[in-house]
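Single-letter residue listing:
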Amino acid sequence: MQRQSAARLGPLLLLLLLPLAWGKGPSPPRAAEELQVSNRLAGQAARVALHYLNYRLGSPSALRALGQVRKATLKTIPGIGHKYYLQFTTEDYKSSLNVGTCLATVFYLKRKPRPAVNINCTYTKDQKQIREDDYSFYKKMRQQTKPIIGNDIPDSYGNIEPALEPAWALAVAGSSYLMWEKSTENLGYFMAQVKNVKQWITKDDSIDFDYSVVLHEIPTQEMISCHLRVIWTPGHPLKVKYFCLSENQWSESEEGSGTESGSTNGIFNEKEAHF
Amino acid sequence: VKWCKTKGVILLDFWRRPSNPELPVDIRVPFPSLQAVKVFLESHHIEYSILLEDLQVLIEEEKQEMINNQRRERGTSNFNYGAYHPLDSIYAALDDLAAEYPSLVSKQTIGESYEKRPMYILKFSTGGTNRPAIWLDAGIHSREWVTQATALWTAKKIASEYGSNPSITSLLNRMDIFLLVVTNPDGYAFTHTNNRMWRKTRSKISGSLCVGVDPNRNWDAGFGGPGASTNPCSESYHGPSANSEVEVKNVVNFIKSHGKIQAFLTLHSYSQLLLFPFGYKCTNPADYNELDAVGKAAASALASLHGTTYKVGTICSTIYQASGGSIDWSYDYGIKYSFAFELRDTGRYGFLLPASQIIPTAEETWLGLLKIMEHVRDNQ
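Since the structure is predicted, the reported quantities are computational estimates derived from the model, not experimental observations. (Residues numbered from 1 in each chain as written. Chains lettered and ligands numbered in written order. Predicted model: local features only at pLDDT ≥ 70, side-chain atom pairs only at ≥ 80, totals over all residues. Heavy atoms only, no water.)

Peer 1: What am I meant to see in the overall build of chain B here?
Peer 2: Counting its secondary structure elements, chain B contains twelve helices and ten strands. Projecting the C-alpha coordinates of chain B onto the three principal axes gives extents of approximately 90 × 55 × 40 Å. The buried share of chain B, taken over its 380 residues, is 53%. Looking at chain B alone, contacts between residues at least 24 apart form 71% of all its contacts between residues at least 6 apart. Here chain B displays about 16700 Å² of accessible surface, and carbon together with sulfur accounts for 51% of that area. Taken as two groups, the 37 positive and 39 negative side-chain charges of chain B have centres that lie 2 Å from each other. (Helix = DSSP H or I, 4+ residues; strand = E, 2+ residues; numbered from the N terminus. Buried < 20%, exposed > 50% of the residue type's maximum accessible area, 1.4 Å probe, protein only. Contact = heavy atoms within 4.5 Å. Areas by Shrake-Rupley, 256 points an atom, 1.4 Å probe, with all protein chains shown as cover. Lys, Arg positive; Asp, Glu negative; His and termini not counted. Charge placed at Lys NZ, Arg CZ, Asp CG, Glu CD.)

Okay, here's the thing in structure tokens:
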């Protein structure tokens, strides 16, 4: 009886203790296993952490891609799940330049639909520049009288029309939400292509896009078609609704989940509010 | 005859018109009218002789000669290796290479695809009889366009640098190289006409509406095991049986009948990985240490050019468990140096790698390939 309630509290305690425990001496001895940095599950977990980060940042100009995994540890918590402790470098999504290092935990829970992520990153990219780039995209979209439309971004030859690049980046940010939700310890995703983008001209402050995207699923190699609705105001959480062809209903992101969005002084600190 | 002409009932094409009864008349007779014309001439006792039996044959020959001439003039120096090309253009480029470097390069067929497209390989050889050889293939998964493009660039590289590059020269003085640029031509054609993301072959599957088998789950290595699907509609469907796909069977037959293949190298994309067996089981091959060392040396050489980092390891530990793969088959068959490259990038563009990255990818991959080939050459 007592053991059961302890098990229920376990993950909650672990998460609360995490910011204190991280980097402070040896990890709690609990079936911990150091992984090789080339381990595919470590890389996969790092990518999940970045999907979460890209979604929470909600900024097309601040998207990050995985650089190199520097350190990876896997903790098996019997009956609960697998928790990855990761340190990895990141690159700017567009330029591929190194933009900082992240520490993250990715917790795949047996009984929860999506991985619980905790991620801290350093940021070497100029925050002011990011805000300006975001705002200039936002302004341009707000000023459209005719809705932006586009197909096949990138096209078969890997080309992205410069005018459509920010809309593509927003699709990456929106898809990040969906890829985070769908990821499991063994199933990972990449956004392969935007098949279609269509802007909705709105009367309010937001910009509003309809996307059809194709995700590449690993290791099954399947190409998953999803429909995304992304609503964005710079500095606010991204609102994402999605529907993938293998699913029966729409899924939506929470609105105003009570956590801070945006970054301060180049350090971004985000905690998963619930799991 | 003039009367015939004016009548226009039988369509005759006068090459030399009737003018003077002393002079002959030359007529091109369309086949349907041939009988009638002969009868007419004979019944009117008009002498005739046949100058050309079949004009069409000559036209075809001339057309071909023109093409050959164009090729020789254009050469392979005008072909844009930094662009993606449809199948016909790639096949033309193979002919161009063979024409431009006739003493080194020859084109052979190893069979046909499911939809009866030829599967062409290039043989790089400086002579000898059935020398030990290196096998390199690309495009087994048709949507991985950077692989076919890289293979074509590599062909040009090998051909043009034999004689000047000491490494390639010493390699080819002892060994042959066989290069299959488009392993899955049906799939490749389909990525141009219908679905850029097509991966499999285009074979019809009995009892299913879905088409195609994953050719890299179809080899006889742990066939039907984990990491391959039994569902014909799946991208990793292994097919009804090992080697059921003619594209795979053709390669297997070639390798077996050659008998002296020392290395089996295959190109995929994307992920930036250099892999060796096994995929069908998660245990290390007997030659793990050597393959890992060679792989790491190759990855290091590759990275030296543009800084592109590759991870090296067995298929199972580095990418995922997958049965029925080509390099597992080749390794179990006895070809120790079996490697698979997953080329650029790591997911930003994925299969849709911009053409501007073809040549940088090919250049760096070449350094990796060369490292492996040198090791094979030195360890025979």
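Peer 1: Honestly, the overall build of chain A in this entry has me stumped. Any pointers?
Peer 2: Along chain A, the regular secondary structure elements total four helices and twelve strands. Looking at the 275 residues of chain A, the share that counts as buried comes to 50%. Within chain A, contacts between residues at least 6 apart in sequence are counted, and of these 60% link residues at least 24 apart. Accessible surface, chain A: about 13500 Å² in total, of which carbon and sulfur atoms supply 53%.

Peer 1: Would you explain the sheet that holds strand E3 (residues 105-112) of chain B in this entry?
Peer 2: The strands that make up a sheet pair up through hydrogen bonds in the backbone, lying either parallel or antiparallel. Residue and element names in this part refer to chain B. Read across the open sheet, the eight strands follow the order E3-E4-E6-E5-E7-E10-E8-E9; overall the sheet is mixed. In the strand order of this sheet, the two ends are held by E3 and strand E9 (311-314), each with one partner. Pairwise comparison of adjacent strand axes, ignoring direction, gives a mean angle of 20° for this sheet. Taken together, the seven bridges between strand E7 (residues 261-269) and strand E10 (residues 337-343) define a ladder with parallel strand orientation. Bridge assignment links alanine 263 to a residue of E10, and that residue is tyrosine 337. (Pairing = 2+ DSSP bridges. Axes fitted to C-alpha atoms, helices over the stretch in contact; angles between N-to-C directions.)

Peer 1: Sorry if this is basic, but what is going on with the layout of surface pockets here?
Peer 2: Unoccupied space between atoms shows up once a probe the size of one water molecule is rolled over them. Residues and elements named next belong to chain B. Considering only enclosed or pocket space, the second largest pocket measures out at about 1000 Å³ in volume. Asp26, Ile27, Arg28, Val29 and Ser49 are, among the 31 residues lining the second largest pocket, the residues nearest its centre. With five residues, the top contributor of residues to the lining of the second largest pocket is helix H2 (residues 31-43). Looking at the lining of the second largest pocket residue by residue, the classes come out as 20 nonpolar, three polar and eight charged. (1 Å grid on protein atoms, 1.4 Å probe; cavity = no way out; pocket = protein on both sides within 12 Å on 5 of 7 lines; lining within 4 Å. Points joined across faces, edges and corners; volume = space filled by probe spheres on them. Nonpolar A, V, L, I, M, F, W, Y, C, P; charged D, E, K, R; others polar.)

Peer 1: Explanation requested: empty space enclosed by the protein in the structure shown.
Peer 2: Residues and elements named next belong to chain B. Considering all chains together, one arrives at four cavities of 30 Å³ or more under this definition. Roughly 70 Å³ of volume is contained in the largest cavity. Among the elements that make up the lining of the largest cavity, the one with the highest residue count is helix H5 (residues 145-161) (four residues). Partitioning the lining of the largest cavity into residue classes produces nine nonpolar, three polar and no charged.

Peer 1: What is the right way to read the UniProt feature "active site" (unreviewed entry) in chain B from this model?
Peer 2: All names here are of chain B. Residues given the UniProt feature "active site" (unreviewed entry) here are Glu342. Here glutamate 342 shows up in strand E10. Leaving out residues up to four positions away in the same chain, glutamate 342 has contacts with His268, Ser269, Tyr270, Ser271, Gln272, Leu273, Leu275, Tyr310 and Ile319. Among the polar contacts made by the side chain of glutamate 342, one reaches the main-chain amide nitrogen of serine 269 at a distance of 3.4 Å. (UniProt positions renumbered as here; feature names shortened; annotations may be inferred. Polar contact = N/O pair within 3.5 Å; in protein donor to acceptor, adjacent residues only side chain to side chain.)

Peer 1: Explain the packing of aromatic side chains here, please?
Peer 2: A ring pair, where both rings are aromatic, is described by two values, the distance of the centres and the angle of the planes. All names here are of chain B. Taken as a whole and assessed by the stated rule, the structure comprises 33 aromatic pairs over all chains. Ring geometry for phenylalanine 79 and tyrosine 81: centres 4.9 Å apart, planes at 65°, overall edge-to-face. Residue classification places tyrosine 81 among the buried residues on the basis of a relative accessible area of 10%. With 5.4 Å between their ring centres and 55° between their planes, tyrosine 84 and tryptophan 145 make a pair best called tilted. (Phe/Tyr/Trp six-rings, centres within 6.5 Å; stacked < 30°, edge-to-face > 60°.)

Peer 1: Whenever I open this one, the interface of chain A and chain B confuses me. Can you help?
Peer 2: By a widespread convention, an interface's size corresponds to the accessible area lost as its parts come together. Taken together, the contact pairs 27 residues of chain A with 29 residues of chain B. Across the chain A/chain B interface, buried area totals approximately 2300 Å², and carbon plus sulfur atoms make up 51% of it. Of all residues in chain A, Arg40(A), Tyr157(A) and Gln221(A) give up the largest surface area on contact with chain B, accounting jointly for 26% of the area buried on that side. Inspection of the chain A/chain B interface yields one salt bridge. Among the ionic pairs, Glu91(A) bridges to Arg348(B), the shortest N-O distance being 3.0 Å. Taken together, chain A and chain B are joined by 15 residue pairs in polar contact (both at pLDDT 80 or more). Here the side of chain A that touches chain B gets four residues from one element, more than from any other, and that element is strand E7 (residues 188-200) of chain A. (Buried area = accessible area lost by both parts, 1.4 Å probe. Salt bridge = Lys/Arg side-chain N within 4 Å of Asp/Glu carboxyl O.)

Peer 1: Looking at this structure, I do not really get the pairing of strand E5 (residues 133-137) of chain B. What am I missing?
Peer 2: Regular strands have side chains that alternate between both faces of the sheet. Residues and elements named next belong to chain B. Across the five residues that make up E5, a large majority, five, are buried. Of the two faces of E5, both are covered, the one formed by Ala133, Trp135 and Asp137 as well as the one formed by Ile134 and Leu136. Strand direction decides the pairing type here: E5 and strand E6 (residues 176-180), joined by five bridges, are parallel. Bridged to aspartate 137 within E6 is leucine 180.

Peer 1: For this particular structure, what's the right way to read the UniProt feature "domain: Cystatin LXN-type" (unreviewed entry) in chain A?
Peer 2: Look at the UniProt record and you will see "domain: Cystatin LXN-type" (unreviewed entry) annotated at residues 31-129 and 149-255 of chain A. Its end C-alpha atoms 44 Å apart, residues 31-129 of chain A is made of 21% helix and 48% strand.

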